[in-house]
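Examination of the molecular architecture
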Amino acid sequence: MKRLLVLVAIALAATVAGGTTRPNIERTIDSMSADERIAQLLFFGFSGQVADNELRELAAERHIGGIALYAHNIESREQIRRLNDSIVRLSAGHPVPFIAVDQEGGIVHRLNLGVPVIPSAMALGATRSPDLARRAGVAVGASLRDLGFTMNFAPVLDVLTEPRNEAIGTRAFSDDPELTATLGSAFIEGEQSTGMIAVAKHFPGQGGVVGDTHAVLPRLDVSLARLRNRELVPFRRAFGHRLGAVMTSHIALPRIAERPDRPATLSPRVMTVLLRKDLHFDGILITDALQMDALSRARGAGALALDAILAGSDMVLTLGDAKQRGEVFATLIEAYHDGRLPKRRVREALRRILAAKAALPAWTPDRTISNDTIAAEIARRAATVVDGSAPLVPLPLELREQVVYVGPDGLLQSGLDPKVVIALPANLDDVTRDRLRKSAHAAIENALLVVAAAANEQQFAFVRDLHNERPAIQFVFVNLGSPFRIVTGSHAATVLMYAEDDASQNAAAEVLRGSSPATGTSPVALPNGSGTKKTEGRIGMSKDRFRIVAVPVADEGCVDGAEIDARWNVTRVKAAEVRRLTVQAAADLLAHDKDNPRFAMIRPGAGVLGGAPAELGPRHQHDLLPE
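Residues numbered from 1 in each chain as written. Predicted model: local features only at pLDDT ≥ 70, side-chain atom pairs only at ≥ 80, totals over all residues. Heavy atoms only, no water.

**With respect to the overall build of the protein**
For clarity, the cut-off: Helical segments are the DSSP runs of H or I of at least four residues, strand segments are the runs of E of at least two, and each set is numbered from the N terminus. Working definition: with a 1.4 Å probe on protein chains only, accessible area under 20% of the residue-type maximum means buried, over 50% means exposed, and in between means partly exposed. When checking whether two residues touch, look at their non-hydrogen atoms; a contact exists if any pair is within 4.5 Å. The method behind every accessible area is Shrake-Rupley, applied with a 1.4 Å probe, and residues are considered shielded solely by the protein chains displayed.
Counting secondary structure elements, the protein contains 21 helices and 23 strands. Taking all 627 residues of the protein together, the buried fraction comes to 57%. Put simply, of all contacts in the protein between residues at least 6 apart along the chain, 73% involve residues at least 24 apart. Here the protein has roughly 24,900 Å² of accessible surface; of this, 50% comes from carbon and sulfur atoms.

Structure (structure tokens):
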């Protein structure tokens, strides 16, 4: 054991002083026992907030490779700094675990104690500013390093091509692969300039699926060519910026993986052939949490961990209890001894892990970084007035003292100083909804202007219904969440903020008061033709889950995407990605897969014909996505 400690200390010291060298890493691996080698592949969570027996077992006795901290581990800045210092001390003489946190910003952040919480990645997307994305990465990385973290599970590089994908939603920068790549790489560059290891997720991209991997196994039924041209673009760009690590996605890729139902995390074809051999990524590959139902319904944590390592992951993230952690370790060590887990595969992973740890620089905090400033700047520059909105932003001077506000409590409400307030809670049960509906209708009976806000679907449904029932009242909707929620009408305006944090609400109030312009541009195509960026064609999903397409055909009078009912979400399709099919060919496609139709046709001037395209007549032609 003493020999091991000396060799590790010498190897790591030499690396920090003179750069990582292959012989140092190889000697360190040679000196490790089997248990110590396997422990380095483990990324565990734990339950406490101090250096208790549970943490001592992980860091001082087992010497695991990484520890992930979540909201339940965090109480204050001083507490988290002491906890992270304890992890370092407990690991004395051994490679210190990566200390990681999920600090994306927006709806996913674990710290808000003097650490910047950017409004959301999509808010950054609306600014379209690589410089702002890079500065955001610097601010986040510097603040986390100051608390002792060495790794951040961010940014999200998923391309949000499926509007119903609420699991990703505003966590994504855009539906545009190039914009996602540009802003994601800038954020990574800034974050890693502070000494943090950025972890881009979720490879190979889950922005185009419906369903949350925490609960189900979503399917991304696309070809490899489509994957290369869309989902992989941001990852490929990030690899050129020396990205430190990647997190896997628990989605099925039926046309790419070995089996239609095999999650990407467990697929050698995805994680080794595609990621390592094709895209040449040689950083650390970490699984998403093995406890997610996308994986764990069928198998135990130990078996999943083994399959993930064999597929190409270097580290497995396990957030379960001590029993599950023990199962993972026991399964891997048994497989290592009996040959199911080849020693060369473990050694390959160890090289990446130990090299990354050895290369972590010493950190001197930069107290000049203003966290509040970066969040406020992003929020102000993200504010977007939807095209086609009535000229109500900023609010007319003569109406500002007569505002009726309907929405969540917060800085938006206080910044407007409304005449009447109808406060909407986050959760609206039937009784509360009926009570507030009566109050809202009474309040707006003689109102000249209503400002409504919503951060979630329940609040939006309330606001939408209120507007639909009183369409003649001048109505300004401030969207504090998914940009696909739009209020339209001749007397309505919609302002998109992409987040509900204090900075976004304050910026929205400034925009409505006229003290700050709304300069943002929606980074995603919006429903019902109301978007702030133009598209050549539109594709969406109907409520019956048919795929629908509307592209203008002048001689046949095909309806335009703008005429599709607002309840269908719409996203962009480039002209190069569509091909023309006759109605008969489309009918043949539907008949071939009638239990799961992929297409629905648009009847000129009428709407959707789900699964009955032949009614359009033999001369009509429509653009459909190729499979």
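**Considerations on the environment of Ala181**
Turning to its location among the elements, Ala181 is positioned in helix 8 (residues 177–192). The class for Ala181 is buried, based on a relative accessible area of 1%. On a C-alpha basis, the gap between Ala181 and Pro234 in space is 3.8 Å, while along the polypeptide they are 53 residues apart. Not counting the four nearest positions on each side in its chain, Ala181 is found in contact with Val233, Pro234 and Arg237.

**Regarding the packing of aromatic side chains**
This is how the line gets drawn: Planes of paired rings set the category: under 30 degrees apart is stacked, over 60 is edge-to-face and the rest tilted, where pairs are Phe, Tyr or Trp rings (Trp by its six-membered ring) whose centres lie within 6.5 Å. Geometrically, a charge over a ring is one whose NZ (Lys) or CZ (Arg) sits within 6 Å of the ring centre while staying within 35 degrees of the ring normal.
The final tally for this structure, using the stated rule, is five aromatic pairs. Measuring from centroid to centroid gives 6.5 Å for Phe43 and Phe98, while their planes differ by 15°, and the two rings are stacked. Highlighted residues: Phe43 in strand 1 (residues 42–45) and Phe98 in strand 3 (residues 98–101), separated in sequence by 55 residues. The structure contains a cluster of three or more aromatic residues connected by ring pairs, namely Phe43, Phe98 and Phe153. Lying across the ring of Tyr336, Lys343 places its NZ or CZ 4.8 Å from the centre.

**Quick notes on the sheet that holds strand 8 (residues 245–248)**
What counts here: For two strands to be treated as a pair, DSSP must find no fewer than two bridges joining them. As a rule, the C-alpha atoms of each element are fitted with a line to give its axis, helices using only the stretch in contact, and angles between N-to-C directions run from 0 to 180 degrees.
The strand order across the open sheet formed by eight strands is 9-8-7-6-3-2-1-10, and the pairing between neighbours is parallel. Each edge of the open sheet is held by one strand with a lone partner, namely strand 9 (284–286) and strand 10 (316–318). Here strand 6 (residues 151–152) pairs with strand 7 (residues 197–203) via two bridges, running parallel. In the sheet register, Asn152 faces strand 7, and the bridge partner there is Ala198. Relative to the sheet, helix 10 (residues 232–239) contacts strand 7 and strand 8, its axis offset from that of strand 7 by approximately 160°. Each of strand 1 and strand 10 touches helix 14 (residues 322–338); the most contacted strand, strand 1, lies at about 170° to it.

**Here we look at the nonpolar core**
Convention followed: We define the nonpolar core as a collection of buried residues of types Ala, Val, Leu, Ile, Met, Phe, Trp, Tyr and Cys that are connected through side-chain atoms lying within 4.5 Å of one another.
Phe43, Phe149, Phe153, Phe203, Ile286 and Leu332 are the most contacted members of the largest nonpolar core, which has 123 residues in total. The residues touching Phe149, leaving out its near neighbours within four places in the chain, are Leu69, Ile80, Asn84, Ile99, Ala100, Val101, Leu111, Leu144 and Met196. Counting residues in hydrophobic clusters, the runner-up holds 27 residues, among them Leu412, Leu449, Val478 and Ala493.

**Observations regarding the packing of helix 4 (residues 53–61) against helix 5 (residues 77–90)**
Rule in force here: The cut-offs work like this: below 35 degrees is roughly parallel, past 145 is roughly antiparallel, 65 to 115 is roughly perpendicular, and the gaps in between are oblique. By convention, the crossing between two helices is left-handed when the near helix turns anticlockwise from the far helix through less than a right angle, and right-handed when the turn is clockwise. Residue polarity follows a fixed list, in which Ala, Val, Leu, Ile, Met, Phe, Trp, Tyr, Cys and Pro are nonpolar, Asp, Glu, Lys and Arg are charged, and the others, Gly among them, are polar.
It is the contact of helix 4 with helix 5, at a shortest axis distance of 8 Å, that shows an interaxial angle of 45°. Compared by their axis directions, helix 4 and helix 5 come out oblique. In this structure, the crossing between helix 4 and helix 5 has a hand that is right-handed. Contacts between helix 4 and helix 5 involve Leu55, Arg56, Ala59 and Ala60 from the former and Leu83, Ile87 and Leu90 from the latter. The class makeup of the residues in the contact of helix 4 with helix 5 is six nonpolar, no polar and one charged.

**Brief notes about the pairing of strand 12 (residues 403–407)**
How we decide: Viewed with both strands pointing away, a crossover whose connecting path from the first strand over the helix to the second turns clockwise is right-handed.
Counting buried positions over the five residues of strand 12 gives five, a clear majority of the element. Of the pairings in the sheet, the one linking strand 12 to strand 14 (residues 449–454) comprises four bridges and is parallel in character. By the bridge assignment, Val406 is partnered in strand 14 with Ala452. Bridge count for strand 12 against strand 13 (residues 420–423) is four bridges, and the pairing is parallel. Residue Val404 lies in a different strand from strand 13, and its bridge partner there is Val420. Following the backbone out of strand 12, through helix 17 (residues 411–416) and into the adjacent parallel strand 13, one traces a crossover that is right-handed.

**Some details on the sheet that holds strand 15 (residues 474–479)**
Taken together, six strands build an open sheet; the order of strands is 11-16-15-14-12-13 and the sheet is mixed. Two strands bound the open sheet, and with one partner strand each, they are strand 11 (384–385) and strand 13. Pairing between strand 14 and strand 15: six bridges, direction parallel. When the sheet's bridge partners are listed, Val450 is paired in strand 15 with Phe475. Contacting strand 12 and strand 13, helix 18 (residues 430–443) crosses the sheet at an angle of about 160° to strand 13.

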